[in-house]
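Chain residues, written in single-letter form:
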Amino acid sequence: MIKIDNLTYRYQADAPKALDDISLSFKTGDWVSIIGHNGSGKSTLVKLMMGILEGYSGEISVDGEVLTPDNLQRFRERFAIVFQNPDNQFVGATVEDDVAFGLENQGLPREVMLERTEAALEAVNMLAYRRHAPARLSGGQKQRVAIAGALAMEPAVLILDEATSMLDPEGRSDMLAILNDIHKTRTTTLIYITHDLGEIEDSDYAVIMKDGKVISEGTIEHIFSDTDTLIESRLVLPYQMQISRALLDGGYVTHDELVARL
Amino acid sequence: MLSSMLLGRYIPGDSIIHRLDPRAKIVSVVLFMIIVFFANHWIGYGLLILFVLGLIRTAQINLFFLFNGLKILLFILIFTFLLHIFFTRGGTTLVEWGFIQIDSEGVITGIYITVRLVMLLVITTILTLTTSPIELTDAIERLGSPLRKVKVPIHELAMMISISLRFIPTLMDETEKIIKAQSARGSTFMTGRLKSRINALIPIFIPLFISAFKRAEEMAVAMEVRGYTGEAGRTSYRELKWQLRDTAAILVVILFGVLLYMVRM
């Protein structure tokens with residue numbers, strides 16, 4: 001379980017609060033989506049959780065262990081993160097080198113690395129590309145390699161920080177399918193950061209952020225039935241919700257339900 | 001012209017030379033660079049040429065393709081040749097015209113030195129043509145590891161080389177994009193006087209530098225969260241395996257060196 005208590009953070013002493021008294025808790029194994037516009041504080045939250053930024057007030061803990069400067073390195077090993085830009089997180093010269101990079105850093109023996117690298121590439125359907133250089137891959141493929149690199153480290157929590165925002169629709173749906181698969185077959189907690197309400201359908205829990213505050217949190221049904229907050233968040237509703245609001249009662253529906261009710 | 005250039009390029013293949021351990025290849029090339037200087041008359045140089053031609057064949061490199069790729073260096077070769085022709089004295093005088101004097105010794109030395117240069121160029125090109133950059137980096141890291149004792153950060157250097165190589169295509173794409181974007185805004189790079197052409201490059205380099213720094217910063221964060229803390233406690237996924245053929249390759253080069261030394265006059 002991840003617990004965040006009264007977290008407040010400013011980038012500079014005189015700057016406005018990037019995070020304003022945030023308290024959240026996520027269950028182990030859940031797929032949690034954090035939604036908000038640019039500047040809502042969602043990426044800041046993640047950077048704090050991973051100990052990339054310092055100088056916050058409040059408390060972050062995972063499974064009861066509180067993050068302090070002393071346990072930073074060990075704390076980080078529970079997390080793996082996939083960033084937005086596919087090019088700027090590809091360290092290795094080939095696909096398999098990149099997946100193994102994190103494992104090399106942990107000082108694992110070679111046999112373990114080979115095994116884990118292969119399994120992780122298999123999980124994201126990239127095994128056939130293992131010897132390819134990044135220049136020969138599409139953006140979506142690079143992001144899948146990034147997920148494999150994260151999975152290989154067997155993290156308790158996998159964070160995706162707008163990992164699909166630079167991909168084309170096809171790359172995006174591939175990624176979501178892979179995440180769905182991971183969610184079903186592993187106990188890894190997924191934290192999925194996005195500004196697109198259309199991508200959160202498969203999540204167990206969602207948090208909407210605005211100006212450094214949490215304005216809504218709960219199950220997907222709860223998020224979508226809280227119409228006032230949705231309007232306040234100024235996020236674009238997914239199309240089935242727009243149709244539901246225009247033609248039906250405005251309650252939460254999935255694609256299939258919408259089709260059935262129309 | 002750039003597309004046919006071979007310096008530093010790698011062409012995948014499956015010849016015995018391709019499959020040699022990169023460390024063996026680097027050591028052989030260094031040895032060869034010394035051996036080249038053993039040759040001091042036409043038999044020696046003849047053997048040298050034969051040996052290199054044999055290597056090119058073994059590495060399955062197209063001869064025409066190789067020399068076409070090295071054409072860009074022709075100027076340097078001609079320059080070296082002329083330098084020796086005009087400034088080496090000795091033997092019979094062939095041409096005397098004003099202050100210019102060409103001796104037979106000059107022509108011979110000119111040819112020898114040019115052959116020597118060509119051999120050096122070809123042998124290093126064979127190395128880079130048959131060895132991928134990552135293998136080369138690995139080999140440099142392993143071969144350089146004794147330097148760690150004198151505090152040379154060899155792991156960091158190898159890491160830097162490998163990341164730089166990895167970013168070359170990315171930055172090439174980026175440059176192309178910026179050139180297109182600036183062209184769309186009406187800037188011209190190919191026409192006008194030299195000064196205005198140089199000025200036109202500034203709007204390309206500044207955005208390129210800014211984005212390179214941004215990339216570097218994101219890369220650093222990505223490496224940090226994946227637990228990179230430098231060399232300490234790190235293991236290696238890549239493995240270099242020294243085999244019998246690698247020892248054999250070095251022996252062949254040494255034997256050739258001995259042969260070349262024996263035919264010296």
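Being a predicted model, the structure only gives us computed values, none of them experimental.

Rules used in this analysis
- Residues numbered from 1 in each chain as written.
- Chains lettered and ligands numbered in written order.
- Predicted model: local features only at pLDDT ≥ 70, side-chain atom pairs only at ≥ 80, totals over all residues.
- Helix = DSSP H or I, 4+ residues; strand = E, 2+ residues; numbered from the N terminus.
- Buried ≥ 20, exposed ≤ 12 C-beta atoms within 10 Å, placed from the backbone.
- Contact = placed C-beta atoms within 7 Å.
- Axes fitted to C-alpha atoms, helices over the stretch in contact; angles between N-to-C directions.
- Parallel < 35°, antiparallel > 145°, perpendicular 65-115°, else oblique.
- Nonpolar A, V, L, I, M, F, W, Y, C, P; charged D, E, K, R; others polar.
- Core = buried A, V, L, I, M, F, W, Y, C linked by C-beta atoms within 7 Å.
- Pairing = 2+ DSSP bridges.
- UniProt positions renumbered as here; feature names shortened; annotations may be inferred.
- Expected span 1.5 Å × (residues − 1).
- Arc of directions from axis to C-beta.
- Domains from an automatic or database assignment.
- pLDDT = per-residue confidence, 0-100.

1. Notes on the overall build of chain A
Here is step 1: Broken down by element type, chain A carries ten helices and ten strands.
Here is step 2: Along the first, second and third principal axes, the C-alpha set of chain A runs to 60 × 45 × 30 Å.
Here is step 3: In chain A, buried positions account for 44% of the 262 residues.
Here is step 4: Considering only contacts within chain A whose residues lie at least 6 apart along the sequence, 66% involve residues at least 24 apart.

2. Things to note about the packing of helix α2 (residues 22-35) of chain B against helix α6 (residues 104-130) of chain B
All names here are of chain B.
Here is step 1: As a packed pair, α2 and α6 sit with axes 10 Å apart at the nearest point and diverge in direction by 180°. By the angle class used here, α2 and α6 are roughly antiparallel. Facing Lys-25, Val-29, Phe-32 and Met-33 of α2, the residues of α6 in contact are Leu-120, Ile-123, Thr-124 and Leu-127.
Here is step 2: Each residue belonging to the contact of α2 with α6 can be placed in one class, and the counts come to six nonpolar, one polar and one charged.

3. Some thoughts on the nonpolar core
Across soluble globular proteins, you tend to see nonpolar side chains buried next to one another.
Residues and elements named next belong to chain A.
Here is step 1: If you look at the biggest cluster of nonpolar residues, it comprises 72 residues, and the most contacted ones within it are Val-32, Ile-81, Ala-148 and Ala-150.
Here is step 2: Of the residues forming this core, the biggest block, seven residues, is contributed by helix α5 (residues 139-152).
Here is step 3: Filtering out sequence-adjacent residues up to four positions away, Val-32 remains in contact with Phe-26, Leu-190, Ile-191, Tyr-192, Ser-203, Asp-204, Tyr-205 and Val-207.

4. As for the pairing of strand β2 (residues 100-103) of chain B
Residue and element names in this part refer to chain B.
Here is step 1: Where strand β1 (residues 93-97) and β2 come together, four bridges link them in antiparallel fashion. Note that in β2 the partner of Val-95 across the bridge is Ile-102.
Here is step 2: Counting the residues in the hairpin turn of β1 and β2 gives two residues, including Gly-98, whose phi is positive at 65°.

5. Quick word on helix α3 (residues 95-105) of chain A
In an α-helix there are 3.6 residues to a turn, and that puts residues three or four apart on one side.
Here is step 1: Taking burial as the measure, the eleven residues of α3 of chain A include eleven buried ones, the bulk of the element.
Here is step 2: Following α3 of chain A by one or two positions, Gly-107 of chain A has its phi on the positive side, about 70°.

6. Things to note about the UniProt feature "transmembrane region" (unreviewed entry) in chain B
All names here are of chain B.
Here is step 1: When the UniProt feature table is mapped onto this chain numbering, "transmembrane region" (unreviewed entry) sits at residues 29-56, 63-87, 107-129, 196-213 and 244-263.
Here is step 2: End C-alpha atoms of residues 63-87 are separated by 32 Å, and the span's content is 84% helix alongside 0% strand.
Here is step 3: Each end of residues 244-263 is marked by a C-alpha atom, and these two atoms are 29 Å apart; helix forms 95% of the span and strand 0%.

7. What about helix α10 (residues 244-262) of chain B?
All names here are of chain B.
Here is step 1: Taking 1.5 Å as the rise per residue, α10 with 19 residues should run 27 Å; its terminal C-alpha atoms sit 27 Å apart, in good agreement.
Here is step 2: If you check which residues of α10 are buried, you get Asp-246, Val-253 and Leu-260. Each buried residue of α10 sits inside an arc of 50° when the element is viewed along its axis, so together they form one side. Pointing more than 90 degrees away from the buried face of α10 are the exposed residues Leu-244, Arg-245, Thr-247, Leu-251, Leu-255, Val-258 and Met-262.
Here is step 3: For α10, the secondary structure elements touched by its buried residues are α2 and α3 (42-58).

8. Here's the deal with the domain arrangement of chain B
Here is step 1: Each domain of chain B was delimited in the assignment, giving domain 1 (16-131 + 241-262) and domain 2 (147-225).
Here is step 2: Computed over C-alpha atoms, the centres of domain 1 of chain B and domain 2 of chain B are 35 Å apart.

9. Observations concerning the confidence of the model for chain B
Here is step 1: Per-residue pLDDT for chain B has a mean of 88; in total, 97% of the residues score no lower than 70.
Here is step 2: On the interface metric, ipTM, the complex scores 0.85, and its pTM is 0.81.

10. Considerations on the interface of chain A and chain B
Many authors give the size of an interface as the accessible area that is lost as the parts come together.
Here is step 1: If you look at the interface, chain A gives 26 residues, while chain B gives 25 residues.
Here is step 2: Mapped onto the side of chain A that touches chain B, the elements with two or more residues apiece are α3 and α4 (110-123) of chain A.
Here is step 3: A per-element tally of the side of chain A that touches chain B places α3 of chain A first, with six residues.
Here is step 4: For the side of chain A that touches chain B, the per-class residue count stands at 13 nonpolar, seven polar and six charged.

11. A closer look at the sheet that holds strand β2 (residues 19-26) of chain A
Residues and elements named next belong to chain A.
Here is step 1: Overall, antiparallel pairing links the four strands, which are arranged β2-β1-β4-β5 in an open sheet. Across the chains shown, the open sheet's two edge strands, defined by having one partner strand only, are β2 and β5 (65-66).
Here is step 2: Inspection of the sheet shows strand β1 (residues 2-9) paired to strand β4 (residues 57-62) by five bridges, in the antiparallel sense. Across the sheet, Ile-2 pairs through a bridge with Val-62, a residue of β4.

12. As for unusual backbone geometry
All names here are of chain A.
Here is step 1: Notably, Asp-63 is not glycine yet its phi reads approximately 45°, a positive angle.
Here is step 2: Considering the arrangement of structural elements, one finds Asp-63 in the loop between β4 and β5.
Here is step 3: Under the C-beta neighbour-count criterion, Asp-63 is labelled exposed, with 10 such atoms within 10 Å.
Here is step 4: Unusually for a residue other than glycine, Asp-211 sits at a positive phi of about 50°.

13. Quick look at the sheet that holds strand β7 (residues 157-161) of chain A
Residues and elements named next belong to chain A.
Here is step 1: Strand order in the open sheet formed by six strands is β6-β7-β8-β3-β9-β10, with mixed pairing between adjacent strands. Looking at which strands have only one partner, the edges of the open sheet turn out to be β6 (79-82) and β10 (213-218). Geometrically, the sheet is characterised by an average inter-axis angle of 15° between neighbouring strands, direction not taken into account.
Here is step 2: Sheet topology places strand β9 (residues 205-210) next to β10; five bridges connect them, and they run antiparallel. Counterpart to Met-209 in the pairing with β10 is Val-214.

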